[in-house]
Amino acid sequence: MTSTTGTVCPHCGWPDGAEPFQVLSRHTTATGSTVWTRCGCGSLQVRVVDARGMRIVSRSRPADDDVRRGTPCR
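Residues numbered from 1 in each chain as written. Predicted model: local features only at pLDDT ≥ 70, side-chain atom pairs only at ≥ 80, totals over all residues. Heavy atoms only, no water.

Draft legend 1. Focus on the overall build of the protein chain. Secondary structure summary: the protein chain contains one helix and four strands in total. Of the regular secondary structure in the protein chain, the N- to C-terminal order runs β-β-β-β-α. Within the protein chain, the fraction of its 74 residues that count as buried is 24%. Taking the intrachain contacts of the protein chain between residues at least 6 apart in sequence as the baseline, contacts between residues at least 24 apart amount to 27%. Carbon and sulfur atoms form 55% of the exposed surface of the protein chain, whose accessible area is close to 5000 Å². (Helix = DSSP H or I, 4+ residues; strand = E, 2+ residues; numbered from the N terminus. Buried < 20%, exposed > 50% of the residue type's maximum accessible area, 1.4 Å probe, protein only. Contact = heavy atoms within 4.5 Å. Areas by Shrake-Rupley, 256 points an atom, 1.4 Å probe, with all protein chains shown as cover.)

Now the structure itself:
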């Protein structure tokens, strides 16, 4: 897992709070919500939104170029 303490994506440098990111799913919790997103570079992110604000609690590396383009793996 990549560190999530910064305020930018460690893979592409895009600010965590800025667009573009794609919302994949949103789930209500007792204290707010959990939102699964994909950064513009392809990194999958888990965002927690609660009374403290929004923070990314986990993120993956970007998918391989072939996977992002929809090309079958070799």
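Back to the text.
Draft legend 2. Quick peek at the sheet that holds strand β4 (residues 53-59). In space, the four strands of this open sheet follow the order β1-β2-β3-β4, with antiparallel pairing throughout. Edge positions in the sheet fall to β1 (21-28) and β4, since each of these pairs with one other strand and no more. Across the sheet, the mean angle from the axis of one strand to that of its neighbour is 25°, orientation sign disregarded. (Pairing = 2+ DSSP bridges. Axes fitted to C-alpha atoms, helices over the stretch in contact; angles between N-to-C directions.)

Draft legend 3. Region of interest: the state of the cysteines. All told, the structure shown has zero disulfides when counted by the stated rule. In this structure Cys-12 is not part of a disulfide, and its nearest cysteine sulfur, from Cys-39, lies 3.7 Å away. (Disulfide = S-S within 2.5 Å.)

Draft legend 4. Region of the structure containing the side chain of Arg-47. Tracing the sequence through the fold places Arg-47 in strand β3 (residues 44-50). The side chain of Arg-47 is buried and forms no salt bridge, while Asp-16, the nearest opposite charge, is found at 5.3 Å. A polar side-chain atom of Arg-47 sits 3.0 Å from a polar atom in the side chain of Thr-37. Setting aside residues no more than four positions away along its own chain, Arg-47 makes contact with Asp-16, Phe-21, Ser-33, Thr-34, Val-35, Thr-37, Met-54, Arg-55 and Ile-56. (Lys, Arg positive; Asp, Glu negative; His and termini not counted. Salt bridge = Lys/Arg side-chain N within 4 Å of Asp/Glu carboxyl O. Polar contact = N/O pair within 3.5 Å; in protein donor to acceptor, adjacent residues only side chain to side chain.)

Draft legend 5. Quick look at the environment of Phe-21. Here Phe-21 lies in strand β1. Put simply, Phe-21 and Cys-39 are 18 residues apart on the chain and 4.6 Å apart in space, counted from C-alpha to C-alpha. Those residues in contact with Phe-21, other than ones at most four positions away along the chain, are Thr-37, Arg-38, Cys-39 and Arg-47.

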